[in-house]
Amino acid sequence: MTVPVRVVFLGPPGAGKGTQAKQLAEHFEVPHVASGDLFRKHQVENTELGQLAKRYMERGELVPDGVTISMVLERLQEPDAANGYILDGFPRTLEQARALDKALAEHQRSIDRTPLLQVDTEELVRRLAGRWLCSKCQRPYHEVTAPPKEKGICDVCGGELMQRADDQPDVVRKRLQTYEEQTAPLVGYYKEQGKLRTVNGDQAIEDVGRDLISAMME
Ligand code: ADP
Ligand code: ADP
Ligand code: ZN
């Protein structure tokens, strides 16, 4: 393997997937594909899929596999993803992981690496409670650990920052439970394939980024 370009980020809500995936995507010059961002875009555009997804997202539950798989696989067929991508938030169930592997195998391709960001639960809750998201480009910020240069404004695109309704503590608890029940089994799935790389996500953002790049090249 030369450069690992087809990457799946694993880790619970708040682990830093979005933060790190954006940086890694720039590093490897491939698109960052985040299923949560795609669903939020559908909601802003008020599409049928957006309305359906909203009902699950506001409860901290997963959107059904069928529509989720179609949405992401379609995105991966766009020309900018021909040479690779950083997936963030997908797959989240074994059914999604198998569908992704199957779609890739049809083109003699496969996922190269699945980094897992490990962070303990208390820290996850703290991170999500202080998370702000750019309403335009969906870049994550944190009021304490990763503040924007100018309050309320995205450093990169100038968009207005907002907080997610599902980052409220009661929905966060449900999302963490959903992760344990439905997404954590993916760790074993990718470990068996020899693709899992575990990284300590409870460090400064730059240090996580450095460890990630070295873990990915192993
Ligand atoms: P995820 O995509 O896994 O849910 P995010 O990348 O959105 O996670 O990060 C969750 C929150 O934690 C955001 O507010 C982000 O700014 C902040 N954050 C990300 N990485 C770190 C870190 N290493 N240390 C402290 N805060 C972080
Ligand atoms: P986080 O970055 O905090 O983990 P996301 O933005 O990835 O959160 O996801 C927000 C919500 O969108 C999830 O709680 C879920 O309702 C829905 N969602 C995102 N990705 C998927 C997926 N692959 N399968 C099912 N639902 C998803
Ligand atoms: Zn922005």
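All of these numbers come straight from a predicted model, not from anything done at the bench. In this convention, every chain numbers its residues from 1, walking through the sequence in written order. Going through the entries in the order they are written, you letter the chains from A and number the ligands from 1. Side-chain atom pairs in this predicted model are given and counted only at pLDDT of 80 or more, local residue features only at pLDDT of at least 70, and totals for whole chains, interfaces and linings cover all residues. Excluding hydrogens and water, the side-chain figures rest on all heavy atoms present in the structure.

## Some details on the overall build of the protein chain
A tally of regular secondary structure across the protein chain gives 9 helices and 8 strands. Taken over C-alpha atoms, the radius of gyration is set against a globule rule of 2.2 Å times the number of residues to the power 0.38. For a compact globule of 218 residues, the expected C-alpha radius of gyration is about 17 Å, and the protein chain comes in at 16 Å, within 12% of that figure. Its C-alpha atoms give the protein chain principal-axis dimensions of about 45 × 40 × 35 Å. Considering the protein chain as a whole, with its 218 residues, one finds that 50% of them fall into the buried category. Secondary structure is summarised from DSSP: a helix means a run of H or I of at least four residues, a strand means a run of E of at least two, and numbering begins at the N terminus for each. The buried label goes to any residue with under 20% of its type's maximum accessible area, the exposed label to any with over 50%, and the partly exposed label to all in between, with areas taken from a 1.4 Å probe on protein chains only.

## Let's talk about the sheet that holds strand E2 (residues 32–34)
The rule for pairing is simple: two strands pair if DSSP sees at least two bridges between them. Pairing is parallel in the open sheet, where 3 strands are placed in the order E1-E3-E2. Strands at the two margins of the open sheet, each flanked by one partner only, are strand E1 (6–9) and E2. Across the sheet, the axes of successive neighbouring strands diverge by a mean angle of 20°, strand direction being ignored. In terms of strand pairing, E1 meets strand E3 (residues 85–88) through 4 bridges, oriented parallel. Its bridge partner being in E3, valine 8 is matched across the sheet by leucine 87. Should any heavy atoms of two residues lie within 4.5 Å, those residues are considered in contact. Geometry is summarised by axes, namely lines fitted to C-alpha atoms with helices restricted to the contacting stretch, and by angles between N-to-C directions that run from 0 to 180 degrees. Here helix H2 (residues 35–44) sits on the sheet and contacts E2 and E3; the angle it forms with E2, its principal contact strand, is near 65°.

## Some remarks on the pairing of strand E4 (residues 114–118)
With 4 of its 5 residues buried, E4 lies for the most part within the structure. Where E4 lies against strand E8 (residues 196–200), 5 bridges are found, and the strand directions are parallel. The residue of E8 that forms the bridge with leucine 117 is valine 199.

## What to know about the nonpolar core
Of all hydrophobic cores here, the largest spans 28 residues; its most connected members are Leu76, Tyr85, Leu87, Leu100 and Tyr190. Sorting the residues of this core by element identifies H2, helix H3 (48–57), helix H4 (65–76), E3, helix H5 (94–105) and helix H8 (185–192) as the ones contributing at least two each. Element by element, the count of residues in this core is highest for H4, at 5 residues. The residues contacting tyrosine 85, other than those within four sequence positions of it, are Val5, Arg6, Val7, Val30, Pro31, Val33, Leu76, Leu104 and Ile111. Residue types Ala, Val, Leu, Ile, Met, Phe, Trp, Tyr and Cys, when buried and joined through side-chain atoms within 4.5 Å, form a set referred to as a nonpolar core.

## Quick word on the site of ligand 1
The environment of ligand 1 is made up of 19 residues, and the closest members are Lys17, Thr19, Arg131, Tyr141 and Gln203. For this analysis, a polar contact is any N or O atom pair within 3.5 Å, provided that within protein one partner can donate a hydrogen and the other can accept it, and provided that sequence-adjacent residues contribute only side-chain to side-chain pairs. Separating a nitrogen atom of ligand 1 from a side-chain N or O atom of arginine 127 is a distance of 3.4 Å. Contact distances for ligand 1 include 2.8 Å between a nitrogen atom and a backbone N or O atom of glutamine 203. Bound to the protein, ligand 1 loses 93% of the 560 Å² it would expose on its own. Among the secondary structure elements, those contributing two or more residues to the shell around ligand 1 are helix H1 (17–28) and strand E6 (140–142). Each residue is assigned to one of three groups, with Ala, Val, Leu, Ile, Met, Phe, Trp, Tyr, Cys and Pro labelled nonpolar, Asp, Glu, Lys and Arg labelled charged, and all others, Gly among them, labelled polar. Its residues placed into classes, the shell around ligand 1 shows 8 nonpolar, 8 polar and 3 charged. We call a residue near a molecule or strand as soon as one heavy atom of that residue lies within 4 Å of the molecule or strand. Residue burial considers only the protein chains on display, and all accessible areas are found by Shrake-Rupley using a 1.4 Å probe.

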